[in-house]
Number of protein chains: 2
Amino acid sequence: MPKPTEARQPSNHVAREIANLIVTGVWQEGFTLPREIELASQFDVSRTSIRESLSILKAKGLIAARQKAGTHVRERINWNMLDAELLDWTWAQRPSEEFARQLLQVRRIVEPEASAICAERGSDTALARIERAYREMDAAGMDSSAYSEPDLRFHHGILTATGNEFLVAFGATVEAALRMSFELSTLNPGAPRKSLPYHRAILDEIWARNPDGARAAMHRLMDLTERNISSALARRKSSDVLPAT
Amino acid sequence: MPKPTEARQPSNHVAREIANLIVTGVWQEGFTLPREIELASQFDVSRTSIRESLSILKAKGLIAARQKAGTHVRERINWNMLDAELLDWTWAQRPSEEFARQLLQVRRIVEPEASAICAERGSDTALARIERAYREMDAAGMDSSAYSEPDLRFHHGILTATGNEFLVAFGATVEAALRMSFELSTLNPGAPRKSLPYHRAILDEIWARNPDGARAAMHRLMDLTERNISSALARRKSSDVLPAT
DNA sequence: ATCTGCAATAAATCAGACAATATTACCGGG
DNA sequence: CCCGGTAATATTGTCTGATTTATTGCAGAT
């Protein structure tokens, strides 16, 4: 399978590399990066490509440039952490417990309310889309990789059904969180499937147009997810310490 | 007052113009934009600047490009609506009631919970920062423009105090919402000051380390804000119909 | 009809120059 | 000795034009 074109394109590739240096803290807040020409020779691409990369990072709030003064890493406050790519870069480089905790905390704030709104105002066609996603999750059985894609659509469907653009935009964050969960669940293969009845419960409450019930049901799913993640992280940690099991 | 440099730079200027065409729906989802060379001549800049602009819009999820196939507007699902600049562009062009409603709905979901977390876990120094912001709001008196900046810091401070990076990133959205409120409050000059006791109440609950109280107090502020915004929008609408008052 | 190779097209990259601008250093006056 | 204005300078920003690469659509062969 040939890698997707984007990944091979220098500008994206370089953008990712530089982003990694920043999110991992090799280049800290306030650090002034090398001149564009130096970056160009370091990464062995033209200055054009470097500028394209930097412009991506600028758009995501990671860096800022001023003529003569150079380009520097902006303070974390300004990073657009809810951006899909940035989440991806961050998780890929630093799958830390803290990152997982914070991600889950935000989901716990947003998704239950989204479910409630969805139960109250979601159109029937939007609900039907969620139902379809659920059935595909069911059909996936114990195959974790087949399970993940409709699971994502399930959660995305709820956000979309609220009719709120900003909640939809939040889908990128949920997506990152779910991908993280699925990666971790390779350490605990049965886990995803166990979430199925929780999803059913949410959907039933939504169909019943019961906001409070939907909120509560989503909360229970979040509790389950938290248990799965922390047990997976604990397991990973111990296997790091004793790799020769 | 000379305009800030960024605004004059072609790439930023053009990025904004193209973004406007997209968010206003002149160029709809799926629309294939003119070739880079044509854009260059239309906007009277070099192709280099056009590419810089497009790369910004790409990073925010508004467009995608493929060789030979051209550049097209992505579906709204993929737009990163929680991005500071994009929010700015959107509000500047389309100050619609719907936009305001959705923005407030999200604030209502996030900020009360953030307050609760802040009450539970915020460090004393973080709380002190919020306190300072409050006092500056108080000191601003009836001067709405002097009031807005510390108000923003107040809300930002709460998000920061949670220690959750994603909630901090959400600050951009709150900022956009507040700027919107302040613009609208020119139609109702006394309104901002009236929010002061509500802020005091939130802060008291936080200092008391009372999460439920903080959540409830923030909810009351959101209620007030909603009343202000809807009355301002109603007023604006009627003055649009009868401009010669 | 389906597949394969070729040509056309538009974005992606490269190279090298020039422009704009913020910083820095210097110089003269107080 | 310090301070304020001014010029040199370094770095990003923009321009021009050529080259490379990926994708599409078409033509011709199977």
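Residues numbered from 1 in each chain as written. Chains lettered and ligands numbered in written order. Predicted model: local features only at pLDDT ≥ 70, side-chain atom pairs only at ≥ 80, totals over all residues.

Asks: Mind laying out the protein's contact with DNA strand C, listing which residues take part and the relevant values?
Replies: Lining the immediate environment of DNA strand C, one finds 22 residues, of which Q9(A), S11(A), S46(A), S49(A) and K68(A) sit closest. Residue assignment for the surface near DNA strand C shows that the elements contributing at least two residues are helix 2 (10–23) and helix 4 (47–59) of chain A together with helix 1 (5–8) and strand 2 (70–73) of chain B. A total of 3 residues in the surface near DNA strand C trace back to one element, the largest contributor, which is helix 4 of chain A. Looking at the surface near DNA strand C residue by residue, the classes come out as 4 nonpolar, 10 polar and 8 charged. (Near = placed C-beta within 6 Å. Helix = DSSP H or I, 4+ residues; strand = E, 2+ residues; numbered from the N terminus. Nonpolar A, V, L, I, M, F, W, Y, C, P; charged D, E, K, R; others polar.)

Asks: So what's going on with the interface of chain B and chain A? Residues and values would help.
Replies: In this complex, chain B contributes 27 residues to the contact, which on the side of chain A involves 26 residues. Secondary-structure elements contributing two or more residues to the side of chain B that touches chain A are helix 4 (47–59), helix 6 (97–121), helix 9 (165–169) and helix 10 (171–184) of chain B. The dominant element in the side of chain B that touches chain A, judged by the number of residues it contributes, is helix 6 of chain B, at 7 residues. Looking at the side of chain B that touches chain A, its residues break down into 15 nonpolar, 6 polar and 6 charged. (Contact = placed C-beta atoms within 7 Å.)

Asks: Kindly report on the protein's contact with DNA strand D, identifying the contributing residues and their values.
Replies: Within the structure, DNA strand D sits among 23 residues, and Q9(B), S46(B), T48(B), S49(B) and K68(B) are positioned closest to it. Elements supplying a minimum of two residues to the surface near DNA strand D: helix 1 (5–8) and strand 2 (70–73) of chain A together with helix 2 (10–23) and helix 4 of chain B. Looking at the surface near DNA strand D, the element that brings in the most residues is helix 4 of chain B, giving 4 residues. Its residues assigned to classes, the surface near DNA strand D shows 4 nonpolar, 10 polar and 9 charged.

Asks: Give a detailed account of the relation of the copies chain B and chain A, specifying residues and quantitative values.
Replies: Two chain copies, one operation linking them: a rotation about an axis together with a shift along it. Between chain B and chain A, the superposition needs a rotation of 180° and an axial shift of 0.0 Å, giving an RMSD of 0.0 Å. Both chain copies can therefore be described as sitting about a two-fold axis. The residues that chain B uses at the interface reappear at the interface of chain A in 96% of cases, marking a shared surface. (Least-squares fit on C-alpha atoms with pLDDT ≥ 70 in both.)

Asks: Give me the pairing of strand 1 (residues 63–66) of chain A: which residues, what numbers.
Replies: Residue and element names in this part refer to chain A. Taken together, the 4 bridges between strand 1 and strand 2 define a ladder with antiparallel strand orientation. For I63, the partnering residue across the bridge sits in strand 2 and is V73. Between strand 1 and strand 2, which pair antiparallel one after the other, the connecting turn spans 3 residues, and K68 there sits at a positive phi close to 70°. (Pairing = 2+ DSSP bridges.)

Asks: So what's going on with the nonpolar core? Which residues, and what values?
Replies: One finds F170(A) and F170(B) to be the most contacted residues of the largest nonpolar core, which totals 123 residues. Sequence-distant contacts of F170(B), defined by excluding residues within four places in its chain, comprise L82(B), V110(B) and L159(B). (Core = buried A, V, L, I, M, F, W, Y, C linked by C-beta atoms within 7 Å. Buried ≥ 20, exposed ≤ 12 C-beta atoms within 10 Å, placed from the backbone.)

Asks: I'd like to hear about the environment of A126(A), residue by residue, with values.
Replies: Residues and elements named next belong to chain A. Topologically, A126 is positioned in helix 7 (residues 124–140). For A126, a count of 18 C-beta atoms within 10 Å translates into the label partly exposed. Once you skip the residues sitting within four places of it in the chain, A126 turns out to touch G157, T160 and A161.

Function cannot be inferred from these measures alone, as they are strictly geometric.
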